[in-house]
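# Remarks on the overall topology
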Amino acid sequence: ALYRFDTTSTFIYRVTQVIPFPVAKAGPDFVAYENYLFELRHYIHYYQTQQKVDFSGESGQEQLAAFRKIALQSVANDAYVKQLAKKHNVSVSDQEVRNQINLLRGQNRLGSSDEVLEDVLKEFWGWTLDDFKRELKSQLLAQKVVSKLDADTHKRAQDVLTQIQNGGDFAALAKQFSDDPTTKDSGGDYGFPIEQTNRDLAPQVVNTLFGMQPGQTSGIVETPLGLEILRVREADGNRIRASHISFAFKPIDTYLDPLKQQKKQRFFISP
């Protein structure tokens, strides 16, 4: 059923949670079939329940076939990320996962309680709270690996912060160095008032901005996509106006591709 029919049934999924069948090999490490089904099943659940996709139809079958390839490569990539994390002593603790959830919840991004969150996760993704924590931990590990390895971006951000601290003009430096094409020409101005529940900005950015005073400049703030230097210009009640200088991390494939060349991947089902 696993290798001939590529089934995603709940029964087979439970079997893979008990017996560590491999679905691929990433260099020296086997990739559990359960990891692949974990990725694939939440995708199927979302599109069946929320988007009403009929996977029995021709277009649905094509869509599912495309995502099978994505899910398979995704779990292989996760194995390579873990190899890099081990090599560079990078890890994510359960406390870091809880801190991230608390940060998101404090900005009303995850509901007001575990019960509300569990209901949303079950409805949209077919997940439990533990499933969500597992996915979040995997994302955080990949982010920390990129941050650890991307020394160039950290150096760029530190050099610009040093210039600001030495009296450099924030707007001029944003125009010169920011990686955000939508704001750099305006000196880093976000262009809209920011509220604490704003979901267009990274939660780390919102959290930092609302701990600052007008005229204050932050240190280097790390987000999932890169590094930020922030400045609050005005505060009006629960709204603030701010500017930023953004430094984008290199894509994770920058570090995964050489590893894949050195330690080839092999799939046990057709991707």
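The structure contained in this document is the topic of the report that follows. (Residues numbered from 1 in each chain as written. Predicted model: local features only at pLDDT ≥ 70, side-chain atom pairs only at ≥ 80, totals over all residues. Heavy atoms only, no water.)

## Some thoughts on the pattern of salt bridges
As enumerated under the stated definition, the model contains 10 salt bridges in all. Residue D6 pairs with R68 through a salt bridge whose shortest N-O separation is 2.8 Å. In this pair, D6 sits in the segment before α1 (10–18) while R68 sits in helix α3 (residues 58–87), placing the two residues 62 residues apart along the sequence. The burial state of D6 is the same as that of R68; both residues are buried. Between K144 and E96 there is a salt bridge; the shortest N-O distance is 2.9 Å. Placement of K144 in helix α6 (residues 129–149) and of E96 in helix α4 (residues 94–106) is noted, with a sequence separation of 48 residues between them. E96 gets classed as partly exposed once you look at its relative accessible area, which sits at 31%. (Salt bridge = Lys/Arg side-chain N within 4 Å of Asp/Glu carboxyl O. Helix = DSSP H or I, 4+ residues; strand = E, 2+ residues; numbered from the N terminus. Buried < 20%, exposed > 50% of the residue type's maximum accessible area, 1.4 Å probe, protein only.)

## A closer look at the side chain of E39
Assignment of secondary structure puts E39 in helix α2 (residues 33–49). With sequence-adjacent residues up to four places away left out, E39 is seen in contact with F67, A71, S74, V75 and E135. (Contact = heavy atoms within 4.5 Å.)

## Here we look at α2
Here α2 contains 17 residues, and its C-alpha end-to-end distance of 24 Å stays within 8% of the 24 Å for a straight helix at 1.5 Å per residue. Within the span of α2, buried status applies to Y33, E34, Y36, L37, F38, E39, L40, H42, Y43, I44 and Y46. Check the buried side of α2 and you find it contacts α1, β1 (22–26), β2 (29–32), α3, α5 (114–125) and α6. (Expected span 1.5 Å × (residues − 1).)

## Focus on the sheet that holds strand β5 (residues 239–248)
The strand order across the open sheet formed by 3 strands is β3-β4-β5, and the pairing between neighbours is antiparallel. In this open sheet, the two edge strands, each paired with only one partner strand, are β3 (217–222) and β5. For this sheet the average axis-to-axis angle between neighbouring strands, irrespective of direction, equals 25°. (Pairing = 2+ DSSP bridges. Axes fitted to C-alpha atoms, helices over the stretch in contact; angles between N-to-C directions.)

## What to know about the side chain of H42
As for its placement among the helices and strands, H42 is situated in helix α2. For H42, a relative accessible area of 10% translates into the label buried. In terms of polar contacts, H42 uses its side chain to reach the backbone carbonyl oxygen of F38, at 3.2 Å. Not counting chain neighbours up to four residues away, the residues in contact with H42 comprise W125 and W127. (Polar contact = N/O pair within 3.5 Å; in protein donor to acceptor, adjacent residues only side chain to side chain.)

## Remarks on a negative patch on the surface
On the surface, E115, E118, D119, E123 and D130 cluster together into a patch of negative charge. Broken down by element, the residue count for the negative patch peaks at 4 residues, all from α5. Mapped onto the secondary structure, D130 falls in helix α6. (Patch = residues over 30% accessible without salt bridge, like charges linked within 9 Å, V, L, I, M, F, W, Y side chains within 5 Å. Areas by Shrake-Rupley, 256 points an atom, 1.4 Å probe, with all protein chains shown as cover. Lys, Arg positive; Asp, Glu negative; His and termini not counted. Charge placed at Lys NZ, Arg CZ, Asp CG, Glu CD.)

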